[in-house]
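Listed here are the chains, written in short residue letters.
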Amino acid sequence: MSYIRLNKHYIHLPYLFLGMAEACLLGVAAWMSQFFIAEQPVVTSNWPQIIIFSVLLSCCTLSMGVYLALVREGFSSMVLRTLVSFFLLGSLSLFIIGVIFGEELIPQSLIFWGVLIATGLVVITRFIFLKVVDTDQLKRRVVIYGAGVRAKKLLEDLAPEMSVLGVTVVGCIPSENESIEVDPKLVIAEPRDWLAYARQAQISEIVISPDERRRSSGNAFPLGQFLDCKLAGIVSSDSLSFCERELGKIDISLLQPSWMLFSDGFKYSKRRLIAKRLFDLVLASLFFLVLWPFMLLTAIAVRLDSPGPVLYHQVRVGLNGKSFRIYKFRSMRQDAEKNGAVWAKKNDSRVTRVGSFIRNTRLDELPQLYNVLAGHMSFVGPRPERPEFVTELANQIPFYETRHKVKPGLMGWAQLKYPYGASVDDARNKLQYDLYYTKNHSFLMDMLIMIQTVEIILLGKGVH
């Protein structure tokens, strides 16, 4: 098993183990830095300093997508992101904590030496890891039972993420009389003895994805052989659950209402809803206290840049389909929608000069803190859409209105996993991630989304 499920959210064990190992390294870096800042040899360790330093820099690492960059973009990109996460985000966060709680907790010298030593230790460790460990050997070997349309769709979904997934697809085994749609190079003849084949090929999991589970010849689905494999420790899963676990989305082309009803997700707790509401109120209030100078400067800039009101409002669809008014700093010309609502597009000519900047930095979204305080939105949830588009999308995309079963948010799982949506096809793809959040949302997942959203803001991803 290469994953663990925490609060209904799947976390891949290689990243979890790497994160835990690096958290220990960061603690060592904080401990070593005490030798440089102490006036006499260190006898006892300052554990609050070490824990705060380790946790904070681990969050900064996660926020900049360092682990994914290591696999996808190479060593140099990882080093660059590490420098940004440690020297910019980490140092700034530690400095703010020191200002608020006093230098006795986080002295400035700890920030300097700790970040410097941590960067060296982490970069060297990752370099050695890449040279010594063959990551392909750590991946689980998966075989797909099916070689038709469903199997082809699954392979297409996996292809863009294959480098960062903990699995390797060995091949596809077609069921009898099934039309083969996958690459013929992947096709494997169906074995007489599934258990013997799985052991010989070192298969860790069988993904069941045939176009039709009953064969036209009348022979039964090979349930007995799959049970033998399962009893021997070889996992079997359907393609929808496999896609959910590995890609963090629910494929609506495979989705059936019965699966939604009988799955272990889509559960709600009154206690969790109260806790999330309290969390939203506290965090929104803190953001207001910290960011009001930026909001004031943004309002002045919008006012001076182009004629029209500073704030712009739209009607959006929220929890259980109830409409509410959302607020933003105006980033387009006043007459941008004189002909009605239209999808935003890349390099939109309606965007003003100031509007382009505040969109890239997400400053235009700050007035939505009011919506959070008013209870219309949460910090984390599916992004709310306009009623005009909701009606159109609900008619074209199955299960679209299911995303309205949770409160919309300032940031969401779909925004992390998919770029800006400006068409029906984009909305269909983003819905798959919104459904995953609707099914599996938890406080842990909300925290992970908030941390990783830092990368989206700093790098200006998904901005139109």
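Notes on the structure in this doc start here. (Residues numbered from 1 in each chain as written. Predicted model: local features only at pLDDT ≥ 70, side-chain atom pairs only at ≥ 80, totals over all residues. Heavy atoms only, no water.)

## Remarks on the overall build of the protein
A count of helical and extended segments in the protein gives 17 helices and ten strands. The buried share of the protein, taken over its 464 residues, is 47%. A fraction of 74% describes how many contacts in the protein between residues 6 or more apart in sequence connect residues 24 or more apart. (Helix = DSSP H or I, 4+ residues; strand = E, 2+ residues; numbered from the N terminus. Buried < 20%, exposed > 50% of the residue type's maximum accessible area, 1.4 Å probe, protein only. Contact = heavy atoms within 4.5 Å.)

## A look at the packing of aromatic side chains
Taken as a whole, this structure holds eight aromatic pairs when the rule is applied. Their ring planes at 85 degrees and their centres at 5.1 Å tell us that F112 and W113 sit as a pair that is edge-to-face. Taking the relative accessible area as the measure of exposure, W113 reaches 29% and is therefore partly exposed. Note on F287 and F379: the rings are 5.5 Å apart at their centroids and 40 degrees apart in plane angle, and the pair reads as tilted. Pair noted here: F287 is in helix α11 (residues 270-305) and F379 is in strand β9 (residues 378-380), with a separation of 92 residues, a long-range link. (Phe/Tyr/Trp six-rings, centres within 6.5 Å; stacked < 30°, edge-to-face > 60°.)

## Observations concerning the pairing of strand β4 (residues 167-173)
The buried fraction of β4 is high, at five of seven residues. Sheet analysis places strand β3 (residues 140-145) next to β4, joined by six bridges and oriented parallel. Following the sheet pairing, I144 is matched in β4 by C172. (Pairing = 2+ DSSP bridges.)

## Side note on the sheet that holds strand β5 (residues 205-208)
Strand order in the open sheet formed by four strands is β4-β3-β5-β6, with parallel pairing between adjacent strands. Two strands close off the open sheet at either side, each with one partner strand: β4 and β6 (235-238). For this sheet, the mean inter-axis angle between neighbouring strands, taken without regard to orientation, is 25 degrees. Strands in contact with helix α9 (residues 239-247) are β3, β4, β5 and β6; relative to β6, the strand with the most contacts, it is inclined by about 100 degrees. (Axes fitted to C-alpha atoms, helices over the stretch in contact; angles between N-to-C directions.)

## Details of the environment of L231
Looking at where L231 falls in the secondary structure, it is placed in helix α8 (residues 223-231). Take L231: its relative accessible area is 78%, and that puts it in the exposed class. A C-alpha to C-alpha distance of 9.9 Å links L231 and L195, two positions 36 residues apart in sequence.

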